[in-house]
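# Descriptive analysis of the structure
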2 protein chains.
Amino acid sequence: MTVTETCRIAKANAYAVAFSAEAEKNRMLESAAEALVASESEILAANEADLKNFKRGEQLRDRLMLNASRIAAIAEGLKQLRALPCPVGETIERHTTASGLEIERVRVPFGTVGIIYEARPNVTADAIGLCIKSGNAVVLRGSGDAYESNLAIVAAIKRALRASGFNPEFIQLVGDRSREGAREFMRCQSLDVLIPRGSASLIQSTLENATVPVIETGTGNCHIYLEKNADFDKALPIVVNAKTQRPSVCNAAESLVCDEAFAKPRLLEIVAALREKGVEVVGDERSREICPDIAPASEEDFDTEFLALKISVKIVNGAEEAIAFINAHSTGHSEAIVTEDRAVAEKFLREIDSACVYVNASTRFTDGFEFGFGAEMGISTQKLHARGPMGLRELTSYKFLIRGKGQIRE
Amino acid sequence: MTVTETCRIAKANAYAVAFSAEAEKNRMLESAAEALVASESEILAANEADLKNFKRGEQLRDRLMLNASRIAAIAEGLKQLRALPCPVGETIERHTTASGLEIERVRVPFGTVGIIYEARPNVTADAIGLCIKSGNAVVLRGSGDAYESNLAIVAAIKRALRASGFNPEFIQLVGDRSREGAREFMRCQSLDVLIPRGSASLIQSTLENATVPVIETGTGNCHIYLEKNADFDKALPIVVNAKTQRPSVCNAAESLVCDEAFAKPRLLEIVAALREKGVEVVGDERSREICPDIAPASEEDFDTEFLALKISVKIVNGAEEAIAFINAHSTGHSEAIVTEDRAVAEKFLREIDSACVYVNASTRFTDGFEFGFGAEMGISTQKLHARGPMGLRELTSYKFLIRGKGQIRE
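It should be emphasised that the depicted structure is a prediction, and the values quoted were computed from it without experimental measurement.

### Some details on helix H1 (residues 3-12) of chain A
Residue and element names in this part refer to chain A.
- For H1, the set of buried residues is Val3, Thr6, Cys7 and Ala10. For H1, the angular spread of the buried residues around the axis is 95°, confining them to a single face. Seen from the open side of H1, the exposed residues pointing more than 90 degrees away from its buried face are Arg8 and Ala12.
- Buried positions along H1 lie against strand E3 (112-117), strand E4 (137-141), strand E5 (171-173) and helix H9 (179-186).

Written out as structure tokens, the structure is:
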């Protein structure tokens with residue numbers, strides 16, 4: 001089947017979830033969750049086949065790998081979605097115009113959502129769950145490296161939905177694993193939105209090729225700015241936490257920007273604490289004058305999301321220079337200032353052009369669960385439609401319903 | 001200057017409008033409006049030069065042409081923007097998380113908005129006005145055919161802003177009028193959003209080439225569905241109004257979908273009324289059985305936005321068939337049902353997948369002013385970000401401000 005046909009099937013069956021009541025969608029989520037646990041051995045066998053052919057390094061292998069407890073956690077995630085309020089159908093606003101038309105703006109599902117992602121089979125189930133609850137048909141185009149795992153997960157969920165009396169064909173997995181197939185997917189008219197989840201190169205290739213509206217997610221070249229009035233007792237744990245608590249994720253810090261006045265007495269200690277956690281520290285010339293054993297940073301380092309135990313250091317003089325530097329190098333994800341000066345903090349909040357701007361907290365909090373929004377589809381780093389953690393509401397659009405009595409325009 | 005450099009200048013000066021108070025932005029609008037009137041002779045001379053070289057038909061020539069009263073109307077439009085509430089800075093929601101972080105979601109300008117459009121110099125001033133009020137830098141890439149007019153308008157406005165003590169460099173006009181320049185514009189990293197305004201082919205080329213997030217606007221293959229329980233006294237004026245009141249605009253009807261039970265007694269009269277207004281009527285076989293002098297419609301006709309005195313007719317049996325037909329052929333702009341059956345009306349409202357869905361009213365009302373929203377940048381036909389008329393609020397994004405006390409993630 002061509003990718004275009006696959007997408008068309010999802011769209012043609014979108015009604016099966018778009019117009020479902022909340023209780024029905026919750027029953028679907030429950031069926032799906034139970035199916036994953038019940039089909040554990042089948043899913044693990046498929047995952048085993050994927051792992052046998054996988055040759056791309058341990059970290060990526062770990063993301064591909066499933067086991068009983070991971071499947072249970074994925075199923076639990078689906079069940080938890082039941083408790084989140086369904087945003088579809090909400091009246092956002094209503095008014096009557098001068099011409100007597102009643103205009104109502106109501107929240108509706110996007111329609112058909114395409115997800116393109118890497119070898120992480122948990123994304124398959126998460127995306128299905130979020131799309132069920134937000135009333136969207138979903139077309140999944142995972143990495144070929146995880147194809148057998150994805151196929152087993154999708155088959156188990158669709159079988160269970162059908163057994164529970166639902167039409168499951170609003171869920172489709174793309175069978176074509178070629179590059180041309182990916183390109184066809186990105187240009188498929190049946191998709192209302194395309195969400196790439198994964199590396200910077202996947203996102204770049206999506207932006208290059210897509211004609212479908214895209215939500216850019218997840219690239220995080222996040223900065224921590226230690227202002228001259230920073231409290232060292234907050235600064236040190238925030239830097240260490242943001243860099244080392246989970247270095248492979250998008251909200252980890254990649255760059256430390258430091259006022260010279262704070263760096264002179266304090267940078268050595270901060271670098272020592274990072275080194276103790278195994279972090280490689282590279283920096284600009286001024287940082288190396290203060291702390292000579294910092295290795296020189298290349299220009300490229302300041303634009304790189306390391307996703308590893310490595311950090312770049314840039315010395316600045318004051319908030320003006322720090323803000324300009326951060327806005328020039330950040331990917332618009334999450335940036336933090338550490339300062340006790342309230343006026344400078346407010347200036348940073350106002351002028352930093354990122355989805356999430358922090359004062360005196362670690363960037364690691366940028367996350368749907370931490371924000372109290374529940375499960376998320378990703379962290380948007382664009383400004384169109386949604387910014388920051390994207391939950392159920394961000395998977396919806398709206399339309400205008402206009403009720404008249406025969407009005408025509410004069 | 002390259003297009004990329006032009007966009008960079010706009011972005012570098014975005015602060016000059018992004019952080020301005022509402023009163024300052026209103027003063028900018030006033031200066032801009034006065035400048036247009038004061039520079040009337042200079043603008044008209046530039047327009048004359050454009051018109052002299054213009055060789056693309058009377059209707060497009062009329063859109064390019066300026067005169068004193070049109071300039072006065074454009075200036076008046078800028079002045080009216082002062083009265084619209086500025087959405088920037090609004091707190092959309094705020095809460096405190098379990099970890100004690102105070103999270104505030106605030107409305108912010110997009111940053112730098114790119115507009116690509118055809119030979120309509122009024123769009124130049126309108127876009128500048130909407131971007132001033134919404135706090136956005138703006139880069140204008142109009143048609144080469146209107147370049148002298150655009151240059152004169154932009155120069156007059158920037159001169160006036162500078163004279164009033166403002167930095168006007170957040171407004172930039174692209175000088176490069178080549179196709180390669182347009183492509184460079186669509187891929188320019190300094191733009192946060194790109195809005196194409198114009199023909200279907202301009203929009204298609206933007207979708208093909210852009211890597212910047214795009215808001216698709218304006219293509220309207222709009223349908224009127226006459227259900228079997230339609231009131232003829234509403235149906236006839238709605239069809240005639242939607243088709244003929246201003247056939248060249250996006251919210252004009254292009255296709256009449258008619259239940260057979262209504263068509264048999266009534267279609268002849270409706271077609272006669274359309275013909276009286278000079279409308280060419282083409283239809284499917286069933287319509288030609290009922291009304292033999294309707295010309296045969298090609299498959300393509302049902303997917304064509306005529307923007308002219310031409311309409312296609314399709315006969316269906318019931319709402320199910322009508323809704324499926326409309327969803328398959330519409331561009332997602334505006335569709336109307338005429339019926340006295342409330343249940344069918346609600347089904348149509350729910351199931352039609354368009355920005356604006358009408359019951360017993362003409363599609364011609366899809367317009368920011370008619371909806372009571374004031375001036376608009378366009379009518380979005382995509383589902384991402386904004387749908388339907390896009391006013392000031394739709395030219396903004398939001399960001400999360402997070403205030404902590406040293407929190408780190410455990």
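### Structural notes on the packing of helix H7 (residues 121-134) of chain B against helix H8 (residues 147-163) of chain B
All names here are of chain B.
- With their axes 8 Å apart at the nearest point, H7 and H8 run at an angle of 30° to one another. Judged on the interaxial angle alone, H8 and H7 are roughly parallel. Judged by the sense of rotation from one axis to the other, the crossing of H7 with H8 is right-handed. Residues Pro121, Thr124, Ala125 and Ile128 of H7 form the contact with H8, whose own contacting residues are Ser149, Asn150, Ile153, Val154 and Ile157.
- Of the residues belonging to the contact of H7 with H8, the class tally is six nonpolar, three polar and no charged.

### Focus: the relation of the copies chain B and chain A
- For the pair chain B and chain A, the relating rotation is 180°, the translation along its axis is 0.0 Å, and the fit reaches an RMSD of 0.0 Å. Such a combination of turn and shift is consistent with a two-fold rotation axis. For chain B, the minimum C-alpha distance to the rotation axis belongs to His385 of chain B and amounts to 1.8 Å.
- Same-surface contact between copies: 100% of interface residues of chain B are shared with the interface of chain A.

### Observations regarding the side chain of Glu394 of chain A
- Tracing the sequence through the fold places Glu394 of chain A in the loop between strand E15 (388-390) and strand E16 (396-407).
- With residues near it in sequence (within four places) discarded, Glu394 of chain A still touches Phe110, His385, Ala386 and Pro389 of chain A together with Tyr398 of chain B.

### Regarding the interface of chain B and chain A
- Each side of the interface is counted separately: chain B has 71 residues, and chain A has 71 residues.
- In total, chain B and chain A occlude about 6,100 Å² of area from one another, counting both sides; carbon and sulfur atoms represent 52% of this.
- Contact with chain A buries surface across chain B, with Lys383, Leu384 and Arg409 of chain B losing the most and accounting together for 14% of the total.
- Applying the counting rule to chain B against chain A returns 12 salt bridges.
- Connecting chain B to chain A are 49 residue pairs in polar contact (both at pLDDT 80 or more).
- Mapped by element, the contributors of at least two residues to the side of chain B that touches chain A are strand E1 (91-96), strand E2 (102-109), helix H10 (200-209), helix H11 (232-244), helix H15 (342-351), strand E13 (356-361), strand E15 (388-390) and strand E16 (396-407) of chain B.
- Per-element accounting of the side of chain B that touches chain A gives the leading share, 11 residues, to E16 of chain B.
- Among the residues making up the side of chain B that touches chain A, the classes are represented as 32 nonpolar, 18 polar and 21 charged.
- Summarising the sheet, strand E13 (residues 356-361) of chain A and E16 of chain B pair through five bridges and their orientation is parallel. In the sheet register, Val357 of chain A faces E16 of chain B, and the bridge partner there is Leu401 of chain B.

### Comments concerning the pattern of salt bridges
- Applying the stated criterion across every chain yields a total of 61 salt bridges over all chains.
- Glu93 of chain B serves as the salt-bridge partner of Arg393 of chain A, at 3.5 Å between the closest nitrogen and oxygen. You can see Arg393 of chain A sitting in the loop between E15 and E16 and its partner Glu93 of chain B sitting in strand E1, one on each of two chains.
- Of the residues examined, Arg393 of chain A reaches a relative accessible area of 33% and is grouped as partly exposed.
- Here Glu93 of chain B falls in the partly exposed class, since its relative accessible area comes to 24%.
- The partner of Glu340 of chain B in a salt bridge is Lys234 of chain B, and the shortest N-O contact between them spans 2.9 Å. Pair noted here: Glu340 of chain B is in the loop between strand E12 (334-338) and H15 and Lys234 of chain B is in helix H11, with a separation of 106 residues, a long-range link.
- With relative accessibility at 45%, the residue Glu340 of chain B sits in the partly exposed group.
- The exposure class of Lys234 of chain B is buried, given its relative accessible area of 19%.
- Taken together, the shared-partner salt bridges connect Glu93 and Arg105 of chain A together with Arg393 and Glu394 of chain B into one network.

### A word on unusual backbone geometry
Residues and elements named next belong to chain B.
- Despite not being glycine, Asn360 has its phi angle at roughly 50°, a positive value.
- Summarising the element assignment, Asn360 is placed in strand E13.
- For His385, which is not a glycine, the phi torsion comes out positive at approximately 75°.
- On the secondary structure map, His385 appears in the loop between strand E14 (378-380) and E15.
- For His385, a relative accessible area of 16% corresponds to the buried category.

Calculation criteria
Residues numbered from 1 in each chain as written. Chains lettered and ligands numbered in written order. Predicted model: local features only at pLDDT ≥ 70, side-chain atom pairs only at ≥ 80, totals over all residues. Heavy atoms only, no water. Buried < 20%, exposed > 50% of the residue type's maximum accessible area, 1.4 Å probe, protein only. Helix = DSSP H or I, 4+ residues; strand = E, 2+ residues; numbered from the N terminus. Arc of directions from axis to C-beta. Contact = heavy atoms within 4.5 Å. Axes fitted to C-alpha atoms, helices over the stretch in contact; angles between N-to-C directions. Parallel < 35°, antiparallel > 145°, perpendicular 65-115°, else oblique. Left-handed = near helix turned anticlockwise from the far one by under 90°. Nonpolar A, V, L, I, M, F, W, Y, C, P; charged D, E, K, R; others polar. Least-squares fit on C-alpha atoms with pLDDT ≥ 70 in both. Buried area = accessible area lost by both parts, 1.4 Å probe. Salt bridge = Lys/Arg side-chain N within 4 Å of Asp/Glu carboxyl O. Polar contact = N/O pair within 3.5 Å; in protein donor to acceptor, adjacent residues only side chain to side chain. Pairing = 2+ DSSP bridges.

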